Amino acid sequence: MTDQGGTANSGRRRGRDETEEERADRMWTELIQEVRVAQMGVQILFGFLLTVVFTPKYDDLSDTDQMIYLVTVVLGAVTTGALIGPVSLHRIVAGRRVKPHAVRWASRLTLLGLVLLLATTTASLLLILRVATHDGFVPYLVAGVVFWYLVCWFGIPLWTRYRHTTR
């Protein structure tokens, strides 16, 4: 058996038999499913963050903790923007025959949103643990959780991509 280039491929099919548009449609569907998961998480976190300033405990926070809170809220806002961006992008360019380009931009926005979500979650965890414990181990615990996120969100996917992508 030979592939399209006329070389033997040992009977194993590689890739999908789809046009650029079909591939863009499939990738768009997959991307939107992924974005829905991330959006839900950031929207819950951001909603929680927005309420903190209206609680009596907020006035008791140290200046450092209030600054961490403000940075966290801003990170939550920009994360929300990046993760909702693909939806807006799709709506604005729908029917314009630019889906392959839209998928690339939406993918970039989603990856940026994940990085920002990592930063937002890290800052939230730092603030919560500082307020809850006042212990010196908090930065180490937060660093451990960040390392775990990096492994799960980027390390394993990048290793899988490197290890199992045909060259």
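Parameters at a glance
- Residues numbered from 1 in each chain as written.
- Predicted model: local features only at pLDDT ≥ 70, side-chain atom pairs only at ≥ 80, totals over all residues.
- Heavy atoms only, no water.
- Phe/Tyr/Trp six-rings, centres within 6.5 Å; stacked < 30°, edge-to-face > 60°.
- Helix = DSSP H or I, 4+ residues; strand = E, 2+ residues; numbered from the N terminus.
- Buried < 20%, exposed > 50% of the residue type's maximum accessible area, 1.4 Å probe, protein only.
- pLDDT = per-residue confidence, 0-100.
- Contact = heavy atoms within 4.5 Å.
- Patch = residues over 30% accessible without salt bridge, like charges linked within 9 Å, V, L, I, M, F, W, Y side chains within 5 Å.
- Areas by Shrake-Rupley, 256 points an atom, 1.4 Å probe, with all protein chains shown as cover.
- Salt bridge = Lys/Arg side-chain N within 4 Å of Asp/Glu carboxyl O.
- Expected span 1.5 Å × (residues − 1).
- Bend = angle between axes of the 7 residues up to and from the residue.
- Polar contact = N/O pair within 3.5 Å; in protein donor to acceptor, adjacent residues only side chain to side chain.

Side note on the packing of aromatic side chains
Piece 1. Under the defined criterion, the tally for this structure stands at two aromatic pairs.
Piece 2. Between the aromatic rings of Tyr-58 and Tyr-69, the centroid separation amounts to 5.3 Å while the plane-to-plane angle is 65°, which identifies the pairing as edge-to-face. Taken together, the residues Tyr-58 in helix H2 (residues 57-60) and Tyr-69 in helix H3 (residues 63-93) connect sequence positions 11 residues apart.
Piece 3. Looking at Tyr-58, the relative accessible area reads 11%, which means it is buried.
Piece 4. Assessed through its relative accessible area of 4%, Tyr-69 is described here as buried.
Piece 5. Plain terms: the ring middles of Tyr-149 and Trp-153 are 4.9 Å apart, the flat faces sit at 15° to each other, and that makes the pair stacked.

Overview of the confidence of the model for the protein chain
Piece 1. Counting all residues, the mean pLDDT for the protein chain is 90, and 91% of those residues have values of 70 or more.
Piece 2. Mean pLDDT across the elements of the protein chain ranges from a minimum in helix H1 (residues 20-52), with 91, to a maximum in helix H5 (residues 138-164), with 97.
Piece 3. Here residues 5-10 is modelled with pLDDT under 50, and outside its nearest four sequence neighbours on either side it reaches seven contacts, counting other chains as well.

Quick word on a nonpolar patch on the surface
Piece 1. A surface patch of nonpolar side chains, about 270 Å² in accessible area, is lined by Met-67, Leu-70 and Val-71.
Piece 2. Looking at the secondary structure, you find Val-71 in helix H3.
Piece 3. For Val-71, a relative accessible area of 41% corresponds to the partly exposed category.

Re the side chain of Gln-39
Piece 1. As for its placement among the helices and strands, Gln-39 is situated in helix H1.
Piece 2. What makes Gln-39 buried here is its relative accessible area of 13%.
Piece 3. Beyond its immediate chain neighbours, meaning those up to four positions away, Gln-39 contacts Leu-83, Ile-84 and Val-87.

Observations regarding H3
Piece 1. With 31 residues, H3 ought to run about 45 Å at 1.5 Å a step, and its terminal C-alpha atoms sit 45 Å apart, in line with that.
Piece 2. By the largest-angle criterion, Ile-84 marks the main kink of H3, which is about 40°, and a proline, Pro-86, follows within four residues.
Piece 3. Two residues or fewer after H3 comes Gly-95, characterised by a positive phi angle close to 80°.

Section: the side chain of Thr-72
Piece 1. Summarising the element assignment, Thr-72 is placed in helix H3.
Piece 2. A residue is classified by how much of its surface remains accessible, and Thr-72, at 0% relative accessible area, is buried.
Piece 3. A polar contact of 2.6 Å, which involves the side chain of Thr-72, links it to the backbone oxygen of Ile-68.
Piece 4. Apart from residues no more than four positions distant in its own chain, Thr-72 is found in contact with Leu-49, Thr-120, Ala-123 and Ser-124.

Describing the pattern of salt bridges
Piece 1. Inspection of every chain in the model, using the stated rule, returns four salt bridges.
Piece 2. As a salt-bridge pair, Asp-25 and Lys-99 come within 2.9 Å of each other at their nearest N and O atoms. Of this pair, Asp-25 sits in helix H1 while Lys-99 sits in helix H4 (residues 99-133), and the two are 74 residues apart along the sequence.
Piece 3. Residue class for Asp-25 comes out partly exposed when judged on its relative accessible area of 36%.
Piece 4. One salt bridge connects Arg-130 with Asp-65, and the closest N-O pair in it is separated by 2.5 Å. On the criterion of sequence distance, the pair formed by Arg-130 in helix H4 and Asp-65 in helix H3 is long-range, its members being 65 residues apart.
Piece 5. Look at Arg-130 and you get partly exposed, because its relative accessible area is 28%.
Piece 6. Among the charged side chains, a salt-bridge network with shared partners connects Glu-18, Arg-26 and Glu-30.

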